[in-house]
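# Architecture and fold: a report
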Amino acid sequence: MVDFLNGAKRTCKCGELRASDIGKTVTVMGFVAKYRNLGNLLFIDLRDIAGVVQIAFDDQVDKAVFDKADTVRNEYVIAVTGVVRSRGSNINKNMPTGEIEILASDLKILSEAEVTPFVITEDMKVGEQLRLKYRYLDLRRSYLQQKLIMRDKITRVVRNYLADNGFLEIETPFLGKSTPEGARDYLVPSRVHNGEFYALPQSPQLYKQLLMIAGMDRYYQVARCFRDEDLRANRQPEFSQIDMEMSYVEDNEQVMEIAEGLIKKVFKECLGMELEEKFRRIPYSEAMNKWGSDKPDTRFDLQLHDLSAILKDCAFSVFAGAISGGGSVRAINGKGLCDKMTRKEVDACGEFVKSYGAKGLAYAMFREDGSVTSSVFKFLSEDEKQAVIKEMNAEKGDIVFFVADKNKVVYDSLGALRCYLADKYNLYDKSKFDFLWVVDFPLLEYDEEEKRYVAVHHPFTSAIVEDIPLLDTDPLKVRSNAYDMVINGQEAGGGSIRIHDWHMQEKIFGLLGFSQKDIEERFGFFVDAFKYGAPPHGGLAFGLDRLTMLVTGTDNIKDVIAFPKVQNASCLMTGAPAEVEDKQLKELAIKFDIKE
């Protein structure tokens, strides 16, 4: 039978006690992490969010309390009152509370617990699926609790910083209109308007621009967003972003200055790090050509080299054909990796790049004995080989990897391969942080499948002023007023200066292939607002989940979300998504036509 508190109050948390508290009478409450009966002494490690403290029960001091403690098992919830005393020579240096223990004089069993599906320890070896099914148990671990505590700290720092800089926190609706242009929406059927649907927001983009038109000047929100897209290690179907927008800005620097200040504040307050005055600016074209990615990790080298001019007339048809077809041949040099990689590992790299669209991966291994093993050098002339060696600065002990294909495939493949090699062979200091901006993105790209232009960011991004004439002659050469902040090779946040002139917005809609009917149906409420005056404005959104990942040093987004989804967007704990009753479907006028 469990006890009631009966007026007992916690005086401190378990992990807060230190040697300076010796002699104090305290009351602590928490979960039983471990118990040990040594005959006339019984010890319990009691755990709460602040840490663990040892409780001692002595049958010579209070036999009734000792006997009651002997009924306690792991994960029981208990309250203990007692005196803090020294552990003498039995100090546990692995615990912050290791110098002391509490000699119990009273024990209340607040809740009993069945045997848990796994033993809750910091270093437990339990599969992720089982841990997610019992997430509330997994969350009792300090490892995850500390990440959620850091997430809370980051959020408070953000709110304080933005408030200090004149931003207002304003909530925008969850139930809005579907304006598909990008990821798929999550749709919510309306009971009142049968056959019609709300859409959960992929971002507050339109609403925050409307707030600028409404004269709110500076807005922010820690916004919940939803995207029905394929999941990866750093993505979830529902996520949070630190969303902001500013009026009366016409260039990137004003928004980027606020955003940089925010990140500097977060890293100073949360990690004690003083960051450099100004983050580097790297043009999109340079990022792609050097690192094969618009979110480059520049903590290590392995830069891409364009060998197309050297190999355009070579006898290797794969190389020559890719170049003549408008693609390229590019390579990276794994300095010093030749003798560290087995042939099996080299072949594994070939399989790795295939997942990014490459048909294969060529290589040249420069052995320490001066010999060269290569899958392509036999097709090259001596001049071509020497030119490649010179361009790649290839020396004994190096291995050069080549990809030939359309530029996108080459960039994606080698951009991913350089990160794969750097991680696998520890080519950089993983404790180091790398901050930069990528700027001057293309405004548009051509979608071969849909046979039309699509926005690289979104349709409301403005063009760089000097490139505007190219909208009529060569739209793919137009650069946008967009900017992404990249931390350690991950996009931490991105934004743009928005279009604030209706005529320009109409022109962009036209380039994207929207008819007047499309514009009216999708964005009518939005474009109407522009007719009544819109200040120049721009903004940015940081992914709160991803930012917390970076600050806490994890590479799994599930670690920083209390109740995450798995790869197929389901919740193992609750069983969502799930079927609903026929009555509910009838109220919504919904019928299914599911083909087996």
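This text goes with the structure placed above it.
Anyway, here's the lowdown on the structure attached to this text. Throughout this document, residue positions are counted from 1 along each chain, in the order its sequence is written. Predicted model: local features are reported for residues with pLDDT of at least 70 only, side-chain atom pairs are reported and counted for 80 or more only, and whole-chain, interface and lining totals are derived from all residues. Think of the side-chain values as coming from all heavy atoms in the structure, minus any hydrogens and water.

### Some words on the sheet that holds strand β15 (residues 372-374)
Any two strands are treated as partners once DSSP identifies two or more bridges connecting them. Only DSSP runs of H or I covering at least 4 residues are called helices, and only runs of E covering at least 2 are called strands; the numbering of each starts at the N terminus. Taken in spatial order, the five strands of this open sheet run β12-β13-β16-β14-β15, and their pairing is antiparallel. The strands lining the two open edges of the sheet, one partner per strand, are β12 (305-306) and β15. Bridge count between strand β13 (residues 328-334) and strand β16 (residues 399-405): seven bridges; the pairing is antiparallel. Bridge pairing in β16 links A331 to F402. Every residue pair with non-hydrogen atoms within 4.5 Å of one another is taken to be in contact. Think of each axis as a best-fit line through the C-alpha atoms, taken over the contacting stretch in the case of a helix, with angles from 0 to 180 degrees between the N-to-C directions. Along the sheet, helix α9 (residues 317-324) makes contact with β13, β14 (362-366) and β16, crossing β16 at roughly 50°. Along the sheet face, helix α12 (residues 407-424) touches β13 and β16 and points at about 5° away from the line of β13.

### Concerning the packing of helix α5 (residues 205-213) against helix α15 (residues 516-530)
Packing of α5 against α15 leaves a shortest axis separation of 10 Å and a crossing angle of 20°. Relative to α15, the element α5 lies roughly parallel. Crossing handedness for the pair α5 and α15: left-handed. Residues L206, Q209, L210 and I213 of α5 pack against F523, F525, F526, A529 and F530 of α15. Under the scheme applied here, ten amino acids are nonpolar (Ala, Val, Leu, Ile, Met, Phe, Trp, Tyr, Cys and Pro), four are charged (Asp, Glu, Lys and Arg), and all others, including Gly, are polar. For the contact of α5 with α15, the class distribution of residues is eight nonpolar, one polar and no charged. Any angle that falls under 35 degrees is termed roughly parallel, while one over 145 is termed roughly antiparallel, one within 65 to 115 roughly perpendicular, and all others oblique. Working rule for handedness: look at the near helix, and if it is turned counterclockwise from the far one by less than a right angle, call the crossing left-handed; if clockwise, right-handed.

### A look at the nonpolar core
The biggest cluster of nonpolar side chains holds 38 residues, and the ones touching the most others in it are M244, I263, F267, I487 and F542. Sorting elements by how many residues they give to this core places helix α6 (residues 252-271) first, with nine residues. When neighbours within four sequence positions are excluded, F542 is seen to be in contact with S240, Q241, I242, M244, A259, L262, I263, M485, A492 and G493. The definition of a nonpolar core used throughout is a set of buried Ala, Val, Leu, Ile, Met, Phe, Trp, Tyr and Cys residues joined through side-chain atoms within 4.5 Å. Note on classification: 1.4 Å probe, protein chains only; a residue is buried when its accessible area is under 20% of the maximum for its type, exposed when over 50%, partly exposed between these limits. Core analysis: the next-biggest nonpolar cluster, separate from the first, contains 27 residues, L302, I332, I399 and Y411 among them.

### A look at the sheet that holds strand β4 (residues 77-86)
If you trace the five strands once around the closed barrel, you get β1-β2-β3-β5-β4, paired in mixed fashion. Within this sheet the neighbouring strands show an average axis-to-axis angle of 55°, counted without direction. Across two bridges, the pairing between strand β3 (residues 51-58) and strand β5 (residues 100-111) is parallel. Along β5, the bridge assignment pairs I55 with I102.

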